[in-house]
Amino acid sequence: MLKRCMIEGVAEAGCDEAGRGCLCGPVSCAAVILPPDFEAPELNDSKQLSAAARERLREQIEREALAWAVVMVEAEEIDRINILNASITGMQRALDALTLRPQHILVDGNRFRPYLDPEKMMDIPHHTVVKGDATYMSIAAASILAKTHRDELMTRYAEQYPGYGWEKNMGYPTKAHYEGIGRLGVTPLHRKSFKLQKGEC
């Protein structure tokens, strides 16, 4: 049973990312503020759900959330600032894009940077939560939006760059993906700072 919030009575944003471990494509970062009475029995960490369940929940979250935003940080920027910084930067940009200012922030994982409210020029309190997407509803909702938006994008990219199996592996390091790289080389969407060949040092 997921927890509704960490602090009651405030606008609490959950943040998460998807695609951090991929060899190509952007890292997708989401922020979501749910209403206090949000009900979704299926809601869970996106990795624990079927694609169909994720799509059902995506529609509900986007329809019922008080505010939500998804931001993509592209491979070029990932290579320039590294994947951890890209993930944190993307989540902060998603917070910037919310139409409602959060009063408290929950972040999946154990790393984040203080987030400055662009209107009040003050840091908004935040907490990092290991396995937060399986603990808090708002983080789980963010994980679902980050995952579904990225999967949708990678499916489109698979049509542009066939042969890597992105329509199935979504850019993760699978055998088919490595075989595609060996056969076809890297694309402009590949993260050059990542290990793109099996056995590469």
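Look above for the structure.
Owing to the predicted nature of the structure, the values given are computational and were not obtained by experimental measurement.

Definitions and limits used
Residues numbered from 1 in each chain as written. Predicted model: local features only at pLDDT ≥ 70, side-chain atom pairs only at ≥ 80, totals over all residues. Heavy atoms only, no water. Helix = DSSP H or I, 4+ residues; strand = E, 2+ residues; numbered from the N terminus. Rg over C-alpha atoms; globule rule 2.2 N^0.38 Å. Contact = heavy atoms within 4.5 Å. Areas by Shrake-Rupley, 256 points an atom, 1.4 Å probe, with all protein chains shown as cover. Lys, Arg positive; Asp, Glu negative; His and termini not counted. Charge placed at Lys NZ, Arg CZ, Asp CG, Glu CD. Phe/Tyr/Trp six-rings, centres within 6.5 Å; stacked < 30°, edge-to-face > 60°. Buried < 20%, exposed > 50% of the residue type's maximum accessible area, 1.4 Å probe, protein only. Core = buried A, V, L, I, M, F, W, Y, C linked by side-chain atoms within 4.5 Å. Axes fitted to C-alpha atoms, helices over the stretch in contact; angles between N-to-C directions. Parallel < 35°, antiparallel > 145°, perpendicular 65-115°, else oblique. Left-handed = near helix turned anticlockwise from the far one by under 90°. Nonpolar A, V, L, I, M, F, W, Y, C, P; charged D, E, K, R; others polar. 1 Å grid on protein atoms, 1.4 Å probe; cavity = no way out; pocket = protein on both sides within 12 Å on 5 of 7 lines; lining within 4 Å. Points joined across faces, edges and corners; volume = space filled by probe spheres on them. Pairing = 2+ DSSP bridges.

*Asks:* Describe the overall build of the protein, and please don't skip the residues or the numbers.
*Replies:* Of regular secondary structure, the protein possesses six helices and seven strands. Shown N-terminal to C-terminal, the secondary structure of the protein runs as helices and strands in the order β-β-α-β-α-α-β-β-β-β-α-α-α. Relative to the globule expectation of 17 Å for 201 residues, the C-alpha radius of gyration of the protein, 17 Å, shows essentially globular dimensions. With the C-alpha coordinates of the protein rotated into their principal frame, the extents come out at 55 × 35 × 25 Å. Partitioning the contacts of the protein with sequence separation of at least 6, the portion at a separation of at least 24 is 63%. Accessible surface computed for the protein: about 10000 Å², of which carbon and sulfur atoms make up 52%. Each charge sign in the protein was given a centre, from 25 positive and 28 negative side chains, and these centres are 6 Å apart.

*Asks:* Can you explain the packing of aromatic side chains? Please cite residues and give values.
*Replies:* Evaluated as defined, the whole model comprises two aromatic pairs. Aromatic side chains Tyr-164 and Trp-166 sit 5.2 Å apart centroid to centroid with 25 degrees between the ring planes, which places their arrangement in the stacked category. Per residue, the accessibility class of Tyr-164 equals that of Trp-166, and both read buried. A network of ring pairs unites the aromatic residues Tyr-161, Tyr-164 and Trp-166 as a single cluster.

*Asks:* Kindly report on the nonpolar core, identifying the contributing residues and their values.
*Replies:* Of all hydrophobic cores here, the largest spans 39 residues; its most connected members are Leu-95, Leu-98 and Trp-166. Residue assignment for this core shows that the elements contributing at least two residues are strand 1 (12–18), strand 2 (27–33), strand 3 (67–73), helix 3 (83–97), strand 4 (104–108), helix 4 (137–160) and helix 6 (175–184). The element that contributes the greatest number of residues to this core is helix 3, accounting for seven residues. In this structure, Ala-18, Val-32, Leu-57 and Met-137 belong to the second largest nonpolar core, which totals 20 residues.

*Asks:* Can you explain the packing of helix 1 (residues 51–64) against helix 4? Please cite residues and give values.
*Replies:* The geometry of helix 1 relative to helix 4 is characterised by a closest axis approach of 9 Å and an angle of 115 degrees between their N-to-C directions. The angle between helix 1 and helix 4 places the two elements in the roughly perpendicular class. As helix 1 packs across helix 4, the resulting crossing turns out to be left-handed. Together, Arg-54, Glu-55, Leu-57, Arg-58, Ile-61 and Glu-62 of helix 1 and Ala-141, Ile-144, Leu-145, Lys-147, Thr-148, His-149, Asp-151 and Glu-152 of helix 4 make up the contact between the two elements. Considering only residue class, the contact of helix 1 with helix 4 consists of five nonpolar, two polar and seven charged.

*Asks:* I'd like a rundown of the layout of surface pockets, residues and numbers included.
*Replies:* The space that makes up the largest pocket amounts to roughly 260 Å³. Taken together, 16 residues form the lining of the largest pocket, with Cys-5, Val-10, Leu-34, Pro-35 and Pro-36 sitting closest to its centre. Considered class by class, the residues forming the lining of the largest pocket number eleven nonpolar, two polar and three charged.

*Asks:* Quick rundown of the sheet that holds strand 1? Include the residues and the values.
*Replies:* The mixed open sheet is built from five strands, whose spatial order is 3-2-1-4-7. The outermost strands of the open sheet, each flanked by one partner alone, are strand 3 and strand 7 (126–129). Neighbour-to-neighbour, the strand axes of the sheet open up by a mean angle of 20 degrees, direction not taken into account. Where strand 2 meets strand 3, seven bridges bridge the pair, whose relative direction is antiparallel. Note that in strand 3 the partner of Ser-28 across the bridge is Met-72. In the packing of helix 3 onto the sheet, contacts are made with strand 1, strand 2, strand 3 and strand 4, and the angle to strand 2 comes to roughly 35 degrees.

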